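# Summary of structural features
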Amino acid sequence: MRPTLDVSDVPASVDLTAQSLDLQTDWSGRCVTARGELDSTSVSLLVRIVAELIDVSPGKTTVHIGHLTFIDASGMGGLVQLGNRLAAASAEFSVVGAAPRHRQLFEIVGLSALLDAS
């Protein structure tokens, strides 16, 4: 039996914070907006929230990283992990809004395909 997420008493948008990372989750639009630092101390929150959404209802999911001030290898690894998990569920995953400095970092490490062209 597939798990269900009861969001009847949860607002359409939820703000979550873990140390230096703030997440705003739009359940209906399947978009998570990350603000702050996505690193080894904060990536687990992002992975947990998106994984929960995937487990309940696999489908096209977007992570907006345009408001990140910092991302390290752990943060990038978490995005790769989420992309792989969605691919296994035959669902689309996109990372949007990357600042030029972050886009360049993704290109350097060979992960530019993870980023949406927009």
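Fair warning: this is a prediction, and the values are worked out from it, not measured in the lab.

### Focus: the nonpolar core
In terms of nonpolar packing, the biggest core is built from 27 residues, with Leu-23, Leu-38, Leu-46, Ile-65, Leu-79, Phe-93 and Phe-106 touching the most fellow members. Sorting the residues of this core by element identifies β2 (21-26), β3 (31-38), α1 (43-56), β4 (61-71), α2 (73-88) and β5 (93-96) as the ones contributing at least two each. The contact partners of Phe-93, leaving out residues within four places of it in the chain, are Thr-61, Val-63, Leu-79, Leu-82, Gly-83, Leu-86 and Leu-114.

### Some details on α2
Note: α-helices contain 3.6 residues per turn, so residues at a spacing of three or four share the same orientation. Across its 16 residues, α2 extends 22 Å between first and last C-alpha, which sits within 8% of the 22 Å expected from 1.5 Å per residue. Considered for burial, the residues of α2 that qualify are Gly-75, Met-76, Gly-78, Leu-79, Leu-82, Gly-83 and Leu-86. Each buried residue of α2 sits inside an arc of 155° when the element is viewed along its axis, so together they form one side. Away from its buried face, by an angle of more than 90 degrees, α2 presents the exposed residues Ala-73, Asn-84, Ala-87 and Ala-88. In this structure, the buried residues of α2 make contact with β3, α1, β4, β5 and α3 (100-108). Residue Asp-72 occupies the N-cap position of α2, its side-chain oxygen lying 3.0 Å from the main-chain nitrogen of Ser-74.

Rules and cut-offs
- Residues numbered from 1 in each chain as written.
- Predicted model: local features only at pLDDT ≥ 70, side-chain atom pairs only at ≥ 80, totals over all residues.
- Heavy atoms only, no water.
- Core = buried A, V, L, I, M, F, W, Y, C linked by side-chain atoms within 4.5 Å.
- Buried < 20%, exposed > 50% of the residue type's maximum accessible area, 1.4 Å probe, protein only.
- Helix = DSSP H or I, 4+ residues; strand = E, 2+ residues; numbered from the N terminus.
- Contact = heavy atoms within 4.5 Å.
- Expected span 1.5 Å × (residues − 1).
- Arc of directions from axis to C-beta.
- Polar contact = N/O pair within 3.5 Å; in protein donor to acceptor, adjacent residues only side chain to side chain.

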